[in-house]
Amino acid sequence: MKPAPFAYVRAGSLDDAFALLAEHGDDARILAGGQSLMATLNMRLSAPEVLVDINRIDGLAGIEETGDALRIGAMTRHVDVEESPAVATHAPLIAAAMDHIAHPAIRNRGTFGGSIAFADPAAELPACAVALGATMHIAGKSGTRDVAAADFFEGLYETAIRPGEILTAVSVPKITAGWKSGFLELARRHGDYAIIGLCAHVDLDGGTFGDANLVFFNAGDRPVSAPETAALLKGQTWSDDLADRLAASLKDELDPPDDLNADGPMRKHLAGVLVKRTLGPMAGE
Amino acid sequence: MNEQNTGRWILDRPNSYIGRSVPRPNAPRLAEGRGTFVDDIDLKRMVHATFVRSPYAHARIKSINVEAARALPGVVAVVTPQELAKIHDPWVGVLTHLEGLKSAPQHALPLEKATWQGEAIVAIAAETRAIAEDAAALVDIDWEVLPVVAEAETATDDNTLVIHEELGDNLAWQRKADFGDIDAAYADADHIVEDTFVFGRHTGVCLESRGLVSEFEPSEEQLTVWHNNQCPHMIQNILADKFRLEEHRVRVITRDVGGSFGIKVHTYADEIATVGLSILLKRPVKYIADRLESFVGDIHARDHRVKGKIAVRNDGTITAFEIDDLTGIGPYSMYPRTSGIEANQVVNMIGGPYDFDNYRAVANVVYQNKAMMCQYRAVGHPIKCAVTEGLVDKAARTLGMDPVAFRQKNFHRDDSYPKKSAQGMPFENLSHEECMSKILDAIDYDALKSERDALRDKGVYRGIGFASFIEVTNPSAMFYGVGGARISAQDGATMRLDAKGNVFVSTGATEQGQGMEAVISQVAATSVGVSPDRLKIITGDTEHTPYGGGTWGSRAAGIGGEAVAQAGRQLRVQILDAAAAMLQEDAATLDIRNGVVVDSDTGNERIGLDEIGRICYYRPDTLPDGFQAELVATRHYVPRKFPFAFTNGVQASYLEVDTETGFITLLNHWCVEDCGTVINPLLVDEQIRGGVVQGLGGALWEECLYDDQGQMLNANMADYLVPMAAELPDIDCGHAVSPTEDSDLGAKGAGEAGTCGAPAAVMNALNDALSPFDARLTSMPFTPKKVLTALGRI
Amino acid sequence: MDKHTDITVTVNGETVTRRIEARTNLVDFLRYELQLTGSHVGCEHGVCGACTVRMDGRIVRGCLTLAAQADGAEVWTIEGVSETGEIRDLQDAFVERNALQCGFCTPGMLLTLAELMDKHPDAGRDEIREFISGNFCRCTGYQAIVDAVEIARGSKTEKGAAS
């Protein structure tokens, strides 16, 4: 289908964008990579009056090292994150996730910040952000503020970004010694949204687990952390028995949705398989 | 110079192109993006159509308000069902040879009610497609929602609403078959093995969607339609008939078609409505179904539940098959080929490869409030093959026999033809034994079994599955014509020598990407005696080709090609008559080779075809008195000895099941196929590969999912899963060759065999992989959820 | 608000300026405004890849990119890269190996493969399949396409060697 008619404006700066968003309120949508938005508009699932294109705003793209973190500009294209040596070195979880995001042509236009802001519960990057304890940098007319990833995702396609605000960057703490990341998703076809996926970021010092973040995607209306299950890892070394206990714990801790590909019980079962297949190899088993 | 001595003149021609993997002459153009698909056509003052479609599966139309839509700037027309009905006649999708098949009359836009979600109700024409869609959103329809018939199993229950009251019930057709004495066979059998097989409804998803540009010139009442349909002559007849026009003033043109696979062989209400718009507006109207419309507007196929039984003796002999097939179609039988043919094929072909005498079947075709259903690549064959081969495997397992040995024991012997199947299908010559023997070599069966077994011990679950099959091709008039359909089973070719020694070849067969133009050029070049670059192939235009059937039922090479072979031979005779007159020689001593008339026995060149053209066209004054050169020849062909050219083959699948996730990985796939004379080996193999992948789609991924209100839940490309490159194996192709005697070429069809056998091979491999678990799956597609459920993991 | 916009875009080396409805996507702009019908429309959801074109050096979905976003950009379509001869080896390999049947997916597939061959010149068969996993082909089953890449690479890296 073709979209319903809309007006199109390019924001030349953040202030420009804020003014346009303030002027048009609910009638406006931000156009970044457009890979999610345009598909929605092409099906007439949504009909905004105005699109505010932020692709020409300077300073929103790029990856820079800021001490202990990587600051990834919101307009950084997925392909640039995928090909970034800094990301490969300092955020291997994200590097592992990137080639699961759709397909090359989509990654050439889709943006890191766009995926975070769109907050599809089946998407990889929101779960990565939560697993890594990232910080979202949000800007608005009244200034800038930071929101921790754990607090950022509020519901189905809902985030802490308020009307009139724009996500400008995401800071991801660099991986530190002793920590390892594991990423695994199960999708019907390469590049599809996963039936369920796992971002694991764990402190694994000499084979004994310490703190751990286990964050699932497509297991709820937002990235789903499993802290109770993660706590079972503390002080343990890997074993089949541990794997079984983790799987059992996940069946209690998770409450995943039903959809065309899988129901809740199937997702719970698969969560246990993901944990086993991610942590086992991490521990050198 | 390749010299053969097969006894078939066309294969024995010097410099024969038959059997060569010649690249397609139309491929470079397509590789440069210079195709002309129907959406590439742009005419003066052309408008764009779309439709308001029913959001409900079953709802009465109480009123339609089009005022706001008509008033939108850029809208040219908004046409209601009543307005359109004035200029066309409805149609009924029945054929007399499917006795008892009943269907309600269907108009292009329904007058009373919508009977499936997505049915086109109001037609809109506007300056752009986008504006037409804006207008569609402004049409206000007042609906009375009705109860929905969304389940085949209960469609004919007493308390289920009858969709078309005048028909009395929702039973479209019932077919019963009874051959031999099955009750005696059951009494005598050592085992009666049963199973129930379910096939998920799926659809073609041609990358280029359906579409047409229709132009009506009112002063001559000349209708011209550019249509990406497979059968231009059939469409010509239907449009003339339904719009009350003279058939010779209806012209249907097919240019490049972006895949069809049977989806574009049918008559669609929204396409008829588009033609109607063009007649009302007297301006060209273009309609291209978009992807969302295609999912609910294209025909679906393969929605079957089959209960099957096989009777066997302890020594491994099959004595009987029986099936009870239930298929849930849409609310009408599709026109003009009917929605009964798929079930008919299932009933006719169960057990095909095997020698047994006792067979009973009942097939019930029932109406539902879902998208219409009709022929799609391999029509019914994937179902009959999976049922047959699934029962065969289960019986083999019950008897403790190797599944290959069990098949080999029961095949019709390769030297036992001609013979008839248990259902009376006449088989001219098949090669099940040879094909099986070849595939066992190709897969290295013993080594593969060893590998599978060794891995099984390590907890890696792989399976090997086979599917022997028979596929109908080259259909005669027995398929449709006998039932009253104006669908031509014959085909014609006209060949003409031009003034420069080139040859124009005009054929009633059509091209959708399978390489028909290449095959035609190879046959034409061979039969006349020129190289293919001297040819110009003309197809897809009812004004410029002989009356033909188009392409369907894998008929283009076997039927279209044969007409070309005959026409080329006749043209050669006529050219040689002219050469003989010029050279004062006996025509019988001459031949045409590589564009030159030669002495047959020595090969000495005598006169070029360009020179013959020059003299005949410009210097006829130099020809002998009383001699008139005739440089055009037309021949037609239809198979007469056998109603169908049955082909056969076998496929094998090797796959691995991840028993923790339910995911299936296809490791390898093989096919050995016998399509008679192979005109272009590369193209045949690629037809097999493409067909296999469509079959794999139905086996693992594709399903049109409906809720109990007849709403399709996954009508988009993200949720309806088609096979993509990363999940597919390479496919190994081999051949046996059993030419048909019904033509000089001996070519049978090859387009559908891949799709026929692939799902069965995968099912059998899956169940082989799961055999240590006492788990068995017979419901396609085999999703991870179904695998995990069968394994008791969830 | 006015629902039109002005754009200036260089397509296949030629700069054009047009006033268009803002909602016009890039592939419709190419097909209807510029009559460059070699790029095709298959789904309008960004899934099938038939609309794939090259914008500022990278393949993009023509159905998910607004023509307005191509303002100031350099766009190459199948027509352009055919004329420059950039993908001649790949096109020849496609024809030789019959890696196209109906031809509808082919322009998008070729542009995608051109990017693959540029970025991953040593991609193995699995990697090739993954890279084209966003290009739907209903006709070939993909194997011939993978073969054609290997053929094209062979003829590129070993001049004069039989492929």
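Residues numbered from 1 in each chain as written. Chains lettered and ligands numbered in written order. Predicted model: local features only at pLDDT ≥ 70, side-chain atom pairs only at ≥ 80, totals over all residues. Heavy atoms only, no water.

With that settled, the discussion passes to the overall build of chain B. From N to C terminus, chain B includes 20 helices and 31 strands. Seen through its C-alpha atoms, chain B measures out along the principal axes to roughly 85 × 75 × 45 Å. In chain B, buried positions account for 69% of the 794 residues. At a minimum sequence separation of 6, the contacts of chain B that also span at least 24 residues come to 79%. If you sum the accessible surface of chain B, you get close to 25,600 Å²; carbon and sulfur atoms cover 46% of it. Side-chain charges of chain B comprise 74 positive and 110 negative groups, with the mean position of each set lying 2 Å from the other. (Helix = DSSP H or I, 4+ residues; strand = E, 2+ residues; numbered from the N terminus. Buried < 20%, exposed > 50% of the residue type's maximum accessible area, 1.4 Å probe, protein only. Contact = heavy atoms within 4.5 Å. Areas by Shrake-Rupley, 256 points an atom, 1.4 Å probe, with all protein chains shown as cover. Lys, Arg positive; Asp, Glu negative; His and termini not counted. Charge placed at Lys NZ, Arg CZ, Asp CG, Glu CD.)

Of the regular secondary structure elements, chain A holds 12 helices and 14 strands. In terms of overall dimensions, chain A is globule-like: its C-alpha atoms have a radius of gyration of 19 Å, near the 19 Å expected for 285 residues. Projected onto its principal axes, the C-alpha coordinates of chain A cover approximately 60 × 45 × 30 Å. Summing over all exposed atoms, chain A offers an accessible surface of approximately 10,700 Å²; the carbon and sulfur share of this is 47%. For chain A, the separation between the mean place of its 24 positive charges and that of its 39 negative charges on side chains is 5 Å. (Rg over C-alpha atoms; globule rule 2.2 N^0.38 Å.)

Okay, the interface of chain A and chain C next. Contact with chain A, which involves 38 residues of that partner, is made by 29 residues of chain C. At the boundary of chain A with chain C, total buried surface from both sides reaches about 2,900 Å², with 52% on carbon and sulfur atoms. In terms of surface lost to chain C, no three residues of chain A exceed Y8(A), N108(A) and R109(A), which account for 17% of the buried area on that side. Linking chain A with chain C are seven salt bridges, by the criterion used here. Taken together, the links from chain A to chain C amount to 15 residue pairs in polar contact (both at pLDDT 80 or more). Those elements that place two or more of their residues in the side of chain A that touches chain C are strand 1 (7-10), helix 2 (37-42), strand 3 (50-53), helix 3 (78-82) and helix 6 (104-109) of chain A. Considering each element in turn, the side of chain A that touches chain C owes the most residues, five residues, to helix 6 of chain A. Split by residue class, the side of chain A that touches chain C holds 19 nonpolar, eight polar and 11 charged. (Buried area = accessible area lost by both parts, 1.4 Å probe. Salt bridge = Lys/Arg side-chain N within 4 Å of Asp/Glu carboxyl O. Polar contact = N/O pair within 3.5 Å; in protein donor to acceptor, adjacent residues only side chain to side chain. Nonpolar A, V, L, I, M, F, W, Y, C, P; charged D, E, K, R; others polar.)

This paragraph deals with the interface of chain B and chain C. Listed as interface residues are 54 residues of chain B and, on the opposing side, 48 residues of chain C. In this assembly, chain B packs against chain C so that about 4,100 Å² is buried in total across both faces, 55% of it on carbon and sulfur atoms. Run the count over chain B and chain C and you get eight salt bridges. Residue E32(B) is joined to R88(C) by a salt bridge in which the shortest nitrogen-to-oxygen separation is 3.2 Å.

Residues and elements named next belong to chain C. Spatial ordering of the open sheet is given by 2-1-5-3-4, a layout of five strands whose pairing is mixed. Each of the sheet's edge strands pairs with one partner strand only, and the pair in question is strand 2 (14-21) and strand 4 (58-61). Each adjacent strand pair in this sheet contributes to an overall mean axis angle of 40 degrees, direction not counted. By the bridge criterion, eight bridges tie strand 1 (residues 4-11) to strand 2 in an arrangement that is antiparallel. Bridge pairing in strand 2 links D6 to R19. Across the face of the sheet, helix 1 (residues 26-33) comes into contact with strand 1, strand 2, strand 3 (52-55), strand 4 and strand 5 (74-76) while running at roughly 105 degrees to strand 2. On top of the sheet, helix 4 (residues 106-119) reaches strand 3, strand 4 and strand 5; it is set at about 45 degrees to strand 3, its chief contact. (Pairing = 2+ DSSP bridges. Axes fitted to C-alpha atoms, helices over the stretch in contact; angles between N-to-C directions.)

Moving on to helix 13 (residues 432-443) of chain B. Residues and elements named next belong to chain B. End to end, helix 13 covers 16 Å across 12 residues, agreeing with the expected 16 Å (1.5 Å per residue, within 8%). For helix 13, the full list of buried residues reads H432, C435, M436, I439, L440 and I443. The buried residues of helix 13 occupy an angular sector of 135 degrees when the element is viewed end-on, so they sit on one face. Buried residues belonging to helix 13 abut helix 12 (403-410), helix 14 (445-457), strand 20 (461-473), strand 28 (645-657), strand 29 (664-674) and strand 30 (731-736). (Expected span 1.5 Å × (residues − 1). Arc of directions from axis to C-beta.)

In this section: the side chain of T168(A). Residue and element names in this part refer to chain A. Structurally, T168 is set in strand 10 (residues 166-173). Of the residues examined, T168 reaches a relative accessible area of 11% and is grouped as buried. Setting aside residues no more than four positions away along its own chain, T168 makes contact with L14, L60, R71, G73, A74, H137, I138 and A139.

Next up on the list: the domain arrangement of chain A. Residues and elements named next belong to chain A. For chain A, the assigned domains read domain 1 (7-53), domain 2 (63-173) and domain 3 (179-282). Here the C-alpha centre of domain 3 lies 21 Å away from the C-alpha centre of domain 2. Listed by partner, the interface residues are 24 residues for domain 2 and 21 residues for domain 3. Linking domain 2 with domain 3 are zero salt bridges, by the criterion used here. When residues in the side of domain 2 that touches domain 3 are grouped by element, the largest group, seven residues, is from helix 8 (residues 124-132). (Domains from an automatic or database assignment.)

This part is about the packing of aromatic side chains. Residue and element names in this part refer to chain B. On inspection of all chains with the given rule, the structure shows 19 aromatic pairs over all chains. Judged by centre distance (5.2 Å) and plane angle (50 degrees), the ring pair of F295 and Y720 falls under tilted. Placement of the pair is F295 in helix 9 (residues 291-297) and Y720 in the loop between helix 18 (681-700) and strand 30, with a sequence separation of 425 residues. Where F479 meets Y480, the ring centres are 4.8 Å apart and the plane angle is 50 degrees; that geometry is what we call tilted. Each member of the pair F479 and Y480 is classed as buried. Clustering of aromatic rings is evident, with ring pairs tying together F427, F479, Y480, W552, F644 and F646. The ring of Y268 carries the charged tip of R210 above its face, separated from the ring centre by 3.8 Å. A cation over a ring is seen here: R496 above F504, with NZ or CZ 4.2 Å from the ring centre. (Phe/Tyr/Trp six-rings, centres within 6.5 Å; stacked < 30°, edge-to-face > 60°. Lys NZ or Arg CZ within 6 Å of the ring centre and 35° of its normal.)

Residue and element names in this part refer to chain B. In this structure the tally under the stated criterion is 91 salt bridges over all chains. Taking the shortest distance from any N to any O, the salt bridge between R24 and E511 comes out at 3.8 Å. In this pair, R24 sits in the loop between helix 1 (9-12) and helix 2 (27-31) while E511 sits in the loop between strand 22 (503-507) and helix 15 (516-528), placing the two residues 487 residues apart along the sequence. The residue R53 makes a salt bridge to D270 at a minimum N-O spacing of 2.8 Å. Within this pair, whereas R53 is found in strand 1 (residues 47-53), its partner D270 is found in helix 8 (residues 269-281), the two being separated by 217 residues in sequence.

The step from Y335(B) to P336(B) runs through a cis peptide bond, and the omega angle for that step is -5 degrees. Within the fold, P336(B) resides in the loop between strand 16 (318-328) and helix 10 (341-349). Residue P418(B) follows Y417(B) across a cis peptide bond; omega there is 0 degrees. Mapping P418(B) onto the fold places it in the loop between helix 12 and strand 18 (419-420). Even without being glycine, R44(A) reaches a positive phi, approximately 55 degrees. The class for R44(A) is partly exposed, based on a relative accessible area of 22%.

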